[in-house]
Amino acid sequence: MQLTVWTYEGPPHVGAMRIATGMTDLHYVLHAPQGDTYADLLFTMIERRKKRPPVTYTTFQARDLGGDTSELFMESARGAYAHHKPAAMIVGASCTGELIQDDPGGLAKTLGLPVPVIPVELPSYSKKENWGASETLYQLVRSIAPSGPDKSADSDGPSCNIIGPTALGFRHRDDVREIVGLIETMGIHVNVVAPLDASVHDLLLLKQADFNICLYPEIGDVTCQWMKRTFKQPYVKTVPIGVQATREFLHEIAALAGIDESQCEAFCLDNESRLPWYSRSIDSTYLTAKRVYLFGDASHVIAMARVAQTEMGFEVVGMGTYSREFARDMREAAAQYGLEALITDDYLEVEEQVQALQPELVLGTQMERHIAKRLGLPCAVISAPVHVQDYPARYSPQMGFEGANVLFDTLVHPLTMGLEEHLLQMFRDDFEFNDEAGPSHLGHSAKRATTSAQTPAPAEAKADAAPTDGAPSWAQDAEKELRKIPFFVRGKAKRNTEKFAAANGVMTITTETLYEAKSHFSR
Amino acid sequence: MQLTVWTYEGPPHVGAMRIATGMTDLHYVLHAPQGDTYADLLFTMIERRKKRPPVTYTTFQARDLGGDTSELFMESARGAYAHHKPAAMIVGASCTGELIQDDPGGLAKTLGLPVPVIPVELPSYSKKENWGASETLYQLVRSIAPSGPDKSADSDGPSCNIIGPTALGFRHRDDVREIVGLIETMGIHVNVVAPLDASVHDLLLLKQADFNICLYPEIGDVTCQWMKRTFKQPYVKTVPIGVQATREFLHEIAALAGIDESQCEAFCLDNESRLPWYSRSIDSTYLTAKRVYLFGDASHVIAMARVAQTEMGFEVVGMGTYSREFARDMREAAAQYGLEALITDDYLEVEEQVQALQPELVLGTQMERHIAKRLGLPCAVISAPVHVQDYPARYSPQMGFEGANVLFDTLVHPLTMGLEEHLLQMFRDDFEFNDEAGPSHLGHSAKRATTSAQTPAPAEAKADAAPTDGAPSWAQDAEKELRKIPFFVRGKAKRNTEKFAAANGVMTITTETLYEAKSHFSR
Amino acid sequence: MSAPVQKTTLFDGKTTLSKSVDSINVAPNVGCVERPILHERGQHEVFCGLTGIMWLHRKIQDAFFLIVGSRTCAHLMQSAAGVMIFAEPRFGTAIMEERDLAGIADMNDELDGVVARLLERRPEIRLLFLVGSCPSEVIKLDLDRAAQRLAVRHNPDVRILSYSGSGIETTFTQGEDACLAALVPSLPAEPDNAPATLMVAGALADVVEDQFARIFEQLGIGPVRFLPARLAEDMPPVGPNTFCLLAQPFLTDTARALQERGATILQAPFPLGAQGTTAWLKTAADAFGIDDETFETVTAPARERALRAVSRHRENLEGKSVFFFPDSQLEIPLARFLATELGMVPGEVGTPYLNRTIMAPELNALDDRVRISEGQDVDMQLVRCREERPDITVCGLGLANPLEVEGMTTKWSIELVFTPIQGYEQAGDLAELFARPLNRKTRLRV
Amino acid sequence: MSAPVQKTTLFDGKTTLSKSVDSINVAPNVGCVERPILHERGQHEVFCGLTGIMWLHRKIQDAFFLIVGSRTCAHLMQSAAGVMIFAEPRFGTAIMEERDLAGIADMNDELDGVVARLLERRPEIRLLFLVGSCPSEVIKLDLDRAAQRLAVRHNPDVRILSYSGSGIETTFTQGEDACLAALVPSLPAEPDNAPATLMVAGALADVVEDQFARIFEQLGIGPVRFLPARLAEDMPPVGPNTFCLLAQPFLTDTARALQERGATILQAPFPLGAQGTTAWLKTAADAFGIDDETFETVTAPARERALRAVSRHRENLEGKSVFFFPDSQLEIPLARFLATELGMVPGEVGTPYLNRTIMAPELNALDDRVRISEGQDVDMQLVRCREERPDITVCGLGLANPLEVEGMTTKWSIELVFTPIQGYEQAGDLAELFARPLNRKTRLRV
């Protein structure tokens, strides 16, 4: 039993819903109680989809449990087919449905429906949303794709499939537009994008492509591996987030499509992102070596860490993921920065690490936005789980060259700007620009959460000089001096000073200790 | 003499710089002291341009004043030509240069340079930046365009010029990309865009187009009028900001280009913005009739008021401009909403009006962002003057269909979201969600500026129940009840209550008065 | 009204009132006029009772709600209603895992561990609810016993209670009913000889609670207590001299539990709109023997304001048809308000559950032609709705946007639960909630 | 240093000190080693003196700076340095208009009106500076007289002074010099028999001021006062027993004005870097007769820290060439710091103005091969810079990005004015400011 406040992923049947809802003519019959229908609003409200998700819930009740819930399932499945006339159906159970062990897959077979009915068994008590999406896509493709026609010999030009985007994905809508645009401009035909906006018939055509692009490994990797084995289609694994990754991605694709290296390079130059120049522009110098913490799904965190370190000039000081399936990749990536990755789905563990590291910027999910808010740290959201604000009206890819532009703005926005940093340092005591003030460009009168100390929650930020348990105590003069340090580096200064004091056996931190530590840690 | 804290526009020679810097081979010799060179950084830092502005300043000093500053000017002009080899030059004086009355235009003529040298006389003590840009463009076009070749009879297809975008324009970079994209997709040739990225030679080609598009009236209208008279080119005046205006703009263009009405309509549908659906999506219901105040340049305010009222569903309660040249247009636009426009370049007058109206959203410039910040009101920036943040890395047009998407996000972002409003109303006394909290999605721990009451500035927001001068006083119980109203409507409630009390001769406002006023003003 | 009336029994026919209070006049319950009810048993598209935690955890400021359930429950809670605006909510989920179900871990030990960790982390919590869910109900995990066991361990710092918010037993607002019903047995006992007190049952926005408290005080009715209180230790006492007005229509079990503690439920319409609020207040006033003149003096100004504020919306709403999908059990009182005070025409009024006794005064005020449906078959109901093409459709979040796409105007039903709509001062706001989507349609030119 | 030294005269050869203080030893000024200076008189690319208001208006918290000028002045102030982060700055511009210049309005009446309105709006202001600009200088508007006239009117609430920040007379930091020089005549008089006091002249970041104050206290030097003080009424007194250390190199006029009030200027290098700070402090210590042992005890820990922090950057900076465009008059002391403490190699060091007396200790510490240029011809200087291709170019905001595009690494010079860089604890930060652009280049792979 796990105590959870927020959860990074939904249950696995929500992953299956993301596949079904992303497609145009697939229907999902879900053995589930009425409460599980809440999941519809994820799609109609958060993503503002114009149609209800193609899901029929059996909505069994307590009084049905004594009776025949299997019959209820059969009725629902029959009704769903009759009412919605899908090209194929998937059937399964939610967490509660799983407990009553009605075997939806077996039951559905007996219905003799005139369309493929694919059972998806998603163990709710051990797996989660992304696994559910990945498994559903895999079962679908494995069931349907082999029946499609083989690639005809006279097809002209190289072609590829794009695998992974779903409904309710984090920026999938715009990533796909950006990547399809780049690939097609390079002269490569995009055969099928799946599952997003794909029909069941499209799945039959998957075989026709020369190679696959796995855009979202959490969802598409298993399927791409299977197609590689089965259809001999190589696949591109690089996630094109950031300028370098996008270039590498395009070069890999060019190689698979038989496009000349130099032609690809010229294409990259023509479509250059603004990120390199904006990052080299001197107003970005202040970004250098800012300490960044990242948490989210594995692909986004791994890609974004590289952007943070080598394209924005930050210093990655911690990273982790809730995608246990990709723990190994994450550990390898973290090792490149000399770090140990945090692999957890416990929000409280992440909070603890952020608090200990006191980064200057947090890149995470909606959860980390909360953590950062409580600790008074700047934060940008770079990964699912999603929020209504992750579906902006405007074009907002994370991938490709325009994606890199978006990232530059996203990563810089929460920070106090360069010159403002100096003015703050210069005039900390000015009554019009005191410590409570956050970055001036953020919101109306952004103020820092010092008053949130009223909140009795135990993990309360201790950015000011209240001593941490077991840590050396602060003399009054040192505390006063600490408060002269601007808020956006004070947390770090405190942490460094305490670390220094502890390492040197100093029990009471004086102003002298503060400056000793500053000198010791100066970079 | 006018007391100014911030100024909406720079001096007119900065307008001339925006023309020169926007073009590729024009040079500007400016009779000005060294301090005026600050203007270079507007272009290299705020806009992050990769080249210094093509401006030579004479940088005369006090010791030169007794001597021959005319000679200094002549030397500078000769040197500038020799060093930079421009295709044409403009010459003029800044405010200080104007006072020493050296007549740069006359002097330049005597130099006998092998390129056109166009004098631009910009009265610094009565005119401002946009006028300076407009006048410079007009003088340039009038001097150069007539010498160009006439439109050849065998040119194929309709063509147009786009007039108005400059360096250091508010979103000009992306507006031009959006509009050129739309027009070219419609099958119309874009002949010349000027002055942004135009060469002197391009100005010679202006005559070749069938019609002109005046994208920024503050800068392009005078020139378009002149070309209409001189070259018989009709011009499109609709500013394509918002979904309706973009449609109308495209229809006007279609008419001038001889494109079929229904074909244009089909084109509009194909390229539809997300704004209409996002605005009709039920999570936007809470936007309905929110009271909005607008201030900025005339074109943006007029266009944006229409978007606010008829595309976002807000209620426009006040609007104004610093563009005195367009005062009549602004007054006419305001009259449509039953309002009287504020025409002023005095920031303090705007502040006063905002404070009196207590809108729920301010759409303005960086100045209004300040005003809103002090008054604790949400604000979005929709017009010049510009700030480094108005040059994002990502594609951010205001015009066209993608521009409408950007506007939707921009206008919604500063507001407290719908459901959040309800929760706030429901649980105002909750210690974790008290009055200090701003919209939860803004920044790290956004807090409202109640503590800024320390600031002794006199125009301090009195959103809480401190009585305004001459206004009825508040009884303690009413004050307590007022504080139960969530912050984002409290200012309005206070204003309404006081207005109601004053109108009814109530001297002391009680809880009863508060609710009487609420009932009276309920909409 | 002036004639003294015998106190009668309610609901289950059994009276638990051990002492009669002479000064209190309780009107006899009215019955429900006979009318056909459409009973539906197809796919339901409603929230489960867990969602009540969204407002309950803010209302009772030192309570924590620990759902014992699955990842789905946790996901519902964070997705359904934007509660993530709170940095740290006072609810959480103890997620059952494979090893719990496989019997590798003892579920009760695990739960005890979770509770211990939780209370260590949140020492300010005084009241803990263990909240049952679909999976915990299906595997028959006994949370009542767990609560008793844990209550002993954490006594006296924290009171521990349990109730079920599972979707196989409850919908949406029934979660509040179950929670309050679970609270009732632990309410302090009011002595038999205590003076008559008024209790208002059902969570209200604080500002509304304060308004009602002021009115009752002006009427001379008191003491007045609210259930739930804002703090665990302030929960109202209950006893045979407690007379209870329901502020919410979905409190079937709570009402029964209060009766079991000896309280008397005053049958009344619900305080929605000027008339609803007047009738609701008058029920209490009559019971407590407040004369008509006092009632008039106290309530007239606010009632006038309410009428004025409501009337302002009549122009836009009169004659407009409205269709309710089942959601919160507020549907029938709302339909009554819209019909009687705004001249709207309810077509179908769906409710997830119908308590005929509680709802009698509301039902009786509705025109015969109004179709009442109980339960749901969502696809069929959508068919009926599309056929009728009402001017406004009140429905849940899953349905609203798809209907808007079809050109229907919808009113987001959950908003009616989250907005203060009760009482005189909110009557105009309530009308405005229905006028707003139409107003919006008029404004938008795109 | 141990031998008592006669107090000598400074700058203009005239001593205004009416009383000798026996306990104070002032070392004789050193002269400037002969070296060629490149004098440039082409286009300048520098700020005018008005820009000093950006930090002065924050430093003196009850002062207001009213520029009397044109729209250009106002535009400069809001554009040049991101000052718009302050909701309401304590500066503004009285913009002259056509009617003022045409004589339709009387300029003095207009100014009086503006000042009256301003002071009414900002009643907390205690000190008002009328600041002259290029246009006000060209039309010879007499702001000294205006200040006197207005001072009488607003006495005693507000003190009113004037100075010129015009670009035809001053560059950038000279604005602070002019401002402080204008303040000096109004400083309170220190009586002739007062004990010797130390004055530190030049605006410093508050945290740096506090550090210096602590060190002087530990050394036993005191009282120590800072010019400008943070509040108008706390401005330091001055008199013949005042000994003054310049904290900034650009205070030519201020130093002269202080001498006119009888103060003695202690010639010293500037407190940049470990060595610079030590030499600066030692000048005061020697003057005030502090023994070497005390000096060592007090300064050693911080000096060690400074050396340690600076040395960490030596690896990245040693041997790197640096080119200074003229900007703040800080260029020569900075070049000295970079050369002596980090082993960097200055090529050209431009300064807008060179005061040989004040700068002598700094200039003497620079290698002969370092080219010093005074004034500017920006196009020619750019040609020289491109030819040299230094590892780091220190330049203004107008030039930096275009040079970056050409592949040069630049250091934003204004940052050196806005960042606390003086004193021991900031020595590492100062080194880091130069290491950072190179560090960035190493990090970026795009």
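What counts and what doesn't
Sequence positions are assigned chain by chain, starting from 1 and proceeding in written order. Lettering of chains starts at A and numbering of ligands starts at 1, both following the order in which they are written. Since the coordinates come from a predicted model, pLDDT governs what is reported: local features require at least 70, and pairs of side-chain atoms require 80 or more to be given and counted, while whole-chain, interface and lining totals use all residues. Side-chain calculation: all heavy atoms of the structure are included, whereas hydrogens and water are not. Two rings from Phe, Tyr or Trp (for Trp, the six-membered ring) form a pair when their centres sit within 6.5 Å of each other. Planes less than 30 degrees apart are called stacked, planes more than 60 degrees apart edge-to-face, and all others tilted. Each helix is a run of DSSP H or I of at least 4 residues and each strand a run of E of at least 2, with the numbering of both proceeding from the N terminus. Throughout this description, buried means an accessible area under 20% of the type-specific maximum (1.4 Å probe, protein chains only), exposed means over 50%, and partly exposed covers the range between. Throughout this description, the term charge over a ring refers to an Arg CZ or Lys NZ atom that lies within 6 Å of the ring centre and within 35 degrees of the ring normal. Note: two strands are recorded as paired if DSSP finds a minimum of 2 bridges between them. An axis is simply a line fitted to the C-alpha atoms; with a helix, the fit covers only the stretch in contact. Between two such axes, the angle follows the N-to-C directions and lies from 0 to 180 degrees. Contact criterion: two residues are considered in contact whenever any of their non-hydrogen atoms come within 4.5 Å of each other. Buried area: the accessible surface (1.4 Å probe) lost by two parts on joining, summed over both. Each reported salt bridge corresponds to a side-chain nitrogen of Lys or Arg within 4 Å of a carboxyl oxygen of Asp or Glu. For this analysis, a polar contact is any N or O atom pair within 3.5 Å, provided that within protein one partner can donate a hydrogen and the other can accept it, and provided that sequence-adjacent residues contribute only side-chain to side-chain pairs. When residues are grouped by polarity, Ala, Val, Leu, Ile, Met, Phe, Trp, Tyr, Cys and Pro land in nonpolar, Asp, Glu, Lys and Arg in charged, and all others, Gly among them, in polar. What a helix should span is 1.5 Å times the count of its residues minus one. The bend at a residue is defined as the angle formed between two axes, one fitted to the seven residues ending at that residue and one fitted to the seven starting there.

Undergrad: What's the story with the packing of aromatic side chains in this structure? I'm lost.
TA: In this description, an aromatic ring pair is defined by two values, namely the gap between the centres and the angle between the planes. Counted under the stated rule, the structure contains 32 aromatic pairs over all chains. Between Tyr8 of chain B and Phe295 of chain B, the ring centres sit 5.2 Å apart and the planes meet at 50 degrees, which makes this aromatic pair tilted. In this pair, Tyr8 of chain B sits in the loop between strand E1 (2–4) and helix H1 (12–22) while Phe295 of chain B sits in strand E10 (residues 291–296), placing the two residues 287 residues apart along the sequence. Each member of the pair Tyr8 of chain B and Phe295 of chain B is classed as buried. Centre to centre, the rings of Phe323 of chain C and Phe325 of chain C are 5.3 Å apart; their planes meet at 45 degrees, and the pair counts as tilted. Like Phe325 of chain C, Phe323 of chain C is buried. Connected via pairs of aromatic rings, a cluster forms that spans Phe47, Trp55, Phe172 and Phe418 of chain C. Sitting over the ring of Tyr395 of chain A, Arg177 of chain A keeps its end group 3.8 Å from the ring centre. In this structure, Lys282 of chain D packs its charged tip against the face of Phe295 of chain D, placed 5.3 Å from the ring centre.

Undergrad: What exactly am I supposed to notice about the sheet that holds strand E1 (residues 37–41) of chain D here?
TA: Strands belonging to one sheet form pairs held by backbone hydrogen bonds; the direction of such a pair is parallel or antiparallel. Residues and elements named next belong to chain D. Here 6 strands make up an open sheet; going across it, the order is E1-E12-E11-E10-E13-E14 and the pairing parallel. At either end of the open sheet lies a strand with only one pairing partner, and these are E1 and strand E14 (410–412). Along the sheet, successive strands turn relative to each other by an average axial angle of 20 degrees, direction set aside. Set on the sheet, helix H15 (residues 397–405) makes contact with strand E13 (392–395) and E14; between it and E13 the angle comes to about 155 degrees.

Undergrad: Sorry if this is basic, but what is going on with the interface of chain D and chain A here?
TA: The parts lose accessible area when they come together, and the size of an interface is often stated as this lost area. Listed by partner, the interface residues are 49 residues for chain D and 48 residues for chain A. Approximately 4600 Å² of surface area, both sides summed, lies buried where chain D meets chain A, with 55% of it carried by carbon and sulfur atoms. Among the salt bridges present, the one from Arg305 of chain D reaches Glu516 of chain A, with a minimum N-O distance of 2.9 Å. Joining chain D to chain A, the criterion identifies 20 residue pairs in polar contact (both at pLDDT 80 or more). For the side of chain D that touches chain A, the secondary structure elements donating two or more residues are helix H1 (53–59), helix H8 (206–219), helix H11 (292–317), H15, E14, helix H16 (414–418) and helix H17 (427–443) of chain D. Residue classes in the side of chain D that touches chain A are distributed as 18 nonpolar, 9 polar and 22 charged.

Undergrad: Could you clarify how one ought to interpret helix H2 (residues 39–46) of chain A in this entry?
TA: Residues three or four positions apart in an α-helix share a direction because the helix packs 3.6 residues into each turn. Burial analysis of H2 of chain A places 8 of its 8 residues in the buried class, which makes it a mostly covered element. Each element contacted by the buried residues of H2 of chain A is listed here: helix H1 (12–22) and strand E3 (55–57) of chain A together with helix H2 (71–79), helix H15 (397–405) and strand E14 (410–412) of chain C.

Undergrad: Quick question: what am I supposed to make of the interface of chain D and chain B here?
TA: Each side of the interface is counted separately: chain D has 66 residues, and chain B has 61 residues. Put simply, chain D and chain B have 21 residue pairs in polar contact (both at pLDDT 80 or more) between them. Those elements that provide at least two residues to the side of chain D that touches chain B are strand E2 (63–69), helix H2 (71–79), strand E3 (91–95), helix H3 (98–101), helix H4 (107–121), helix H5 (134–138), helix H14 (378–388) and H15 of chain D. Within the side of chain D that touches chain B, the residues separate by chemical class into 36 nonpolar, 15 polar and 15 charged.

Undergrad: Just to check I follow, could you spell out the pattern of salt bridges for this structure?
TA: Here the idea is simple: oppositely charged side chains can pair when their charged atoms come close. Residues and elements named next belong to chain C. What the rule picks out here adds up to 108 salt bridges over all chains. A salt bridge links Glu209 to Arg230; the nearest nitrogen and oxygen atoms lie 3.2 Å apart. Note that Glu209 is positioned in helix H8 (residues 206–219) and Arg230 in the loop between strand E7 (224–227) and strand E8 (242–246), a separation of 21 residues in sequence. Residue classification places Glu209 among the buried positions, given a relative accessible area of 8%. Between Arg371 and Glu348 there is a salt bridge, and its shortest N-O distance comes to 2.8 Å. Here Glu348 lies in strand E11 (residues 345–351) and Arg371 lies in strand E12 (residues 371–376), a separation of 23 residues in the sequence.

Undergrad: Quick question: what am I supposed to make of the environment of Arg369 of chain A here?
TA: Residues and elements named next belong to chain A. On the secondary structure map, Arg369 appears in helix H17 (residues 366–375). For Arg369, a relative accessible area of 17% corresponds to the buried category. For the pair Arg369 and Ala380, spaced 11 residues apart in the sequence, the C-alpha separation amounts to 7.1 Å.

Undergrad: Where do I start with H17 of chain D in this structure?
TA: Residue and element names in this part refer to chain D. In this model, H17 (17 residues) spans 24 Å end to end at C-alpha, consistent with the 24 Å of a helix rising 1.5 Å per residue. Ala435 marks where H17 bends most, by close to 40 degrees; the proline Pro437 follows one to four residues later. With respect to burial, H17 is a largely interior element, 13 of its 17 residues being buried.

None of this, on its own, says anything about what the molecule does.
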